[in-house]
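So you can see what is in the structure, the chains are spelled out below.
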Amino acid sequence: MYSVKLNNNRDFPVLGVGTLFATKEGEAEQLVKDAIDIGYRHFDTAMVYRNEKEVGAGIKAKISEGVVKREDIFLTTKLWCTYHRREKVVEACKTSLSNLGLEYIDLYLIHSPSAFKEGDDFWPKDSDGKLMIEYVDYVETWKGMEECVKLGLTKSIGISNFNSQQIDRLLKAATIKPAANQIECHPYLNQAKLIAFCKEKGIIITAYSPLGSPNAIAKETTQAPLQDPKLQELAKKYNKTVAQIILRYLIQHGTVPIPKSSNKKRLQENFDIFDFEISKEDKNAIDALNKNIRICLFTGTEEDKNYPFGIEY
Ligand SMILES: NC(=O)c1ccc[n+]([C@@H]2O[C@H](COP(=O)([O-])OP(=O)(O)OC[C@H]3O[C@@H](n4cnc5c(N)ncnc54)[C@H](OP(=O)(O)O)[C@@H]3O)[C@@H](O)[C@H]2O)c1
Ligand SMILES: *[C@@H]1O[C@H](CO)[C@@H](O)[C@H](O)[C@H]1NC(C)=O
């Protein structure tokens, strides 16, 4: 598996597998096992996905079978918004590790710059059904993240859904620089400016919802990139599927896509993108499809001081 170097010199496989909504019993474990058999070595989960246990079980099953060693796998999980106070970060990280049944995480991310009211409820709501935001400075959260590295709980730390201003502010206070920023990125939201900004700071971009999250988040959008006529035309030209064109594009665009699939055939399809290259001209044509359409909105956090999507990038 091809990889890029993170700013701490660790290898980051250029294609991973997402696990959001893989919550049917056995689904995430099977997905991980199938993916490892296909050749994937990079997995993305989060405490809030409620499948860390299964993701860990899938990895451990393949380690016991002798197919991979722990060090061959790159596992990302994320700190949820109800654990942003500095003192809560290490606790949450240890809970994730215990869910996973692993000794370390490869990359631990702050899931979002917004913090919610602490407690057992991942989406705490008041009596009017309104999401309960509880401001915590993400710089404070970051100190807890750094503590996780010092304790050996995770090899690398990073952020998700952070904008350029937040990254700038974080970098001024950080002892350990964030290795990656995981953001929504696909042909309809190609994030060219944030990618360039992060590149300059030595921060790798992980592209989430790379296919536009067709079945889950974007259920009601008709604007799915998989249906785009230009991408369909390119798929014909390269004798590839639209999904393969998109994923190949995202890698050439300088990001690390993490498409989710619970279907072994589609997992294989998404993996078969290393035997062709999109020409510069066609890459430019895909760049031109950008519409700044955001699918993952973190609805209910718009009023938060840390809401990341209120500025251009
Ligand atoms: N940090 C964050 O805030 C954040 C937010 C959203 C997502 N993420 C991460 O990013 C990962 C990917 O994003 P996502 O799951 O939202 O969306 P996505 O990967 O863009 O799309 C996943 C959907 O596409 C379908 N699919 C997969 N491969 C396909 C193919 N070759 N052709 C047609 N359909 C295909 C899957 O269905 P099947 O399973 O049936 O194949 C699934 O429903 C997540 O799983 C999660 O790990 C992070
Ligand atoms: C197109 O791709 C399919 C599937 O990978 C392959 O079987 C077929 O031979 C390819 N056709 C051409 C013309 O390359």
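Rules used in this analysis
Residues numbered from 1 in each chain as written. Chains lettered and ligands numbered in written order. Predicted model: local features only at pLDDT ≥ 70, side-chain atom pairs only at ≥ 80, totals over all residues. Heavy atoms only, no water. Pairing = 2+ DSSP bridges. Helix = DSSP H or I, 4+ residues; strand = E, 2+ residues; numbered from the N terminus. Axes fitted to C-alpha atoms, helices over the stretch in contact; angles between N-to-C directions. Parallel < 35°, antiparallel > 145°, perpendicular 65-115°, else oblique. Left-handed = near helix turned anticlockwise from the far one by under 90°. Contact = heavy atoms within 4.5 Å. Nonpolar A, V, L, I, M, F, W, Y, C, P; charged D, E, K, R; others polar. UniProt positions renumbered as here; feature names shortened; annotations may be inferred. Buried < 20%, exposed > 50% of the residue type's maximum accessible area, 1.4 Å probe, protein only. Phe/Tyr/Trp six-rings, centres within 6.5 Å; stacked < 30°, edge-to-face > 60°. Lys NZ or Arg CZ within 6 Å of the ring centre and 35° of its normal. 1 Å grid on protein atoms, 1.4 Å probe; cavity = no way out; pocket = protein on both sides within 12 Å on 5 of 7 lines; lining within 4 Å. Points joined across faces, edges and corners; volume = space filled by probe spheres on them. Near = heavy atom within 4 Å. Polar contact = N/O pair within 3.5 Å; in protein donor to acceptor, adjacent residues only side chain to side chain. Areas by Shrake-Rupley, 256 points an atom, 1.4 Å probe, with all protein chains shown as cover. Core = buried A, V, L, I, M, F, W, Y, C linked by side-chain atoms within 4.5 Å.

### Regarding the sheet that holds strand β3 (residues 17–18)
Reading across the sheet, the eight strands line up as β3-β4-β5-β6-β7-β8-β9-β10 and stay open at both edges, with parallel pairing between neighbours. Of all the strands in the sheet, just β3 and β10 (255–257) have a single pairing partner and so form its edges. Two strands pair when backbone bridges link them, and β3 and strand β4 (residues 42–44) are joined in this way by two bridges, in the parallel orientation. Its bridge partner being in β4, Gly18 is matched across the sheet by Asp44.

### Quick look at the packing of helix α4 (residues 138–150) against helix α5 (residues 164–173)
Helix packing for two helices is described by the angle between their axes and how far apart those axes are. The contact between α4 and α5 brings their axes to 10 Å, and the two run at 50°. Comparing their axes, α5 and α4 come out oblique. Crossing geometry of α4 relative to α5 is assigned as right-handed. Where α4 approaches α5, its residues Tyr138, Val139 and Trp142 are matched on the opposing element by Gln166, Arg169, Leu170 and Ala173. Class assignment for the residues of the contact of α4 with α5 results in five nonpolar, one polar and one charged.

### Observations concerning the UniProt feature "binding site: substrate" (unreviewed entry) in the chain
The UniProt record marks His111 with the feature "binding site: substrate" (unreviewed entry), using the residue numbering of this structure. Along the chain, the position of His111 falls in the loop between β6 (105–110) and α4. Apart from residues lying up to four places away in sequence, His111 is in contact with Ala46, Val48, Tyr49, Lys78, Leu79, Trp80, Ser160, Asn161 and Phe298.

### Describing the side chain of Thr141
Topologically, Thr141 is positioned in helix α4. On the basis of relative accessibility, which here comes to 0%, the residue Thr141 falls in the buried class. In this structure, Thr141 is in contact with Leu79, His84, Val89, Ile110 and Val136, ignoring residues within four places of it in sequence.

### Overview of the packing of aromatic side chains
Centre-to-centre distance and the angle between the planes together describe a pair of aromatic rings. Per the counting criterion, the structure on display carries ten aromatic pairs. Taken together, the aromatic side chains of Tyr2, Tyr40, Phe271 and Phe274 make up a single cluster linked through ring pairs. Directly above the ring of Tyr104 sits Arg70, whose terminal nitrogen or CZ lies 3.9 Å from the centroid. Positioned above the aromatic ring of Phe309, the side-chain terminus of Arg294 is 3.8 Å from the ring centre.

### Details of unusual backbone geometry
Positive phi outside glycine occurs at Phe21, with the angle close to 70°. In this structure, Phe21 sits in the loop between β3 and α1 (27–38). Given a relative accessible area of 45%, Phe21 falls into the partly exposed group. With a phi close to 50°, Ser213 is a non-glycine residue in the positive phi region. Its place among the elements puts Ser213 in the loop between β9 (204–208) and α7 (229–238).

### Some details on the layout of surface pockets
Empty space within the second largest pocket amounts to approximately 320 Å³. If you trace the second largest pocket, you find 19 residues lining it, with Gln191, Asn292, Arg294, Glu312 and Tyr313 closest to the centre. Of all elements in the fold, only β8 (180–184) and α6 (192–200) reach the threshold of two or more residues within the lining of the second largest pocket. Among the elements that make up the lining of the second largest pocket, the one with the highest residue count is α6 (three residues). Its residues assigned to classes, the lining of the second largest pocket comprises nine nonpolar, six polar and four charged.

### Some words on the site of ligand 1
Near ligand 1 lie 31 residues; those nearest to it are Asp44, Leu211, Ser213, Ser261 and Arg266. The contact in question runs from an oxygen atom of ligand 1 to an N or O atom on the side chain of His111, over 3.4 Å. Within the side chain of Asn161, one N or O atom sits 2.9 Å away from an oxygen atom of ligand 1. Contact with the protein chains hides 91% of the accessible area of ligand 1, taken as 900 Å² for the molecule alone. Looking at which element gives the most residues to the shell around ligand 1, the answer is helix α9 (residues 264–271), with three residues. For the shell around ligand 1, the per-class residue count stands at twelve nonpolar, 14 polar and five charged.

### Description of the nonpolar core
The nonpolar side chains of a soluble globular protein tend to be buried with one another. With 88 residues, the main nonpolar core has Tyr40, Phe43, Tyr108, Ile167 and Ile245 as its most contacted residues. At eight residues, the largest contribution of residues to this core is made by helix α8 (residues 242–252). Here Ile167 is in contact with Ile159, Phe162, Asn181, Leu194, Phe197, Cys198 and Ile203, once residues within four sequence places are set aside. In this structure, Phe74, Ala179, Ala180 and Ile204 belong to the second largest nonpolar core, which totals nine residues.

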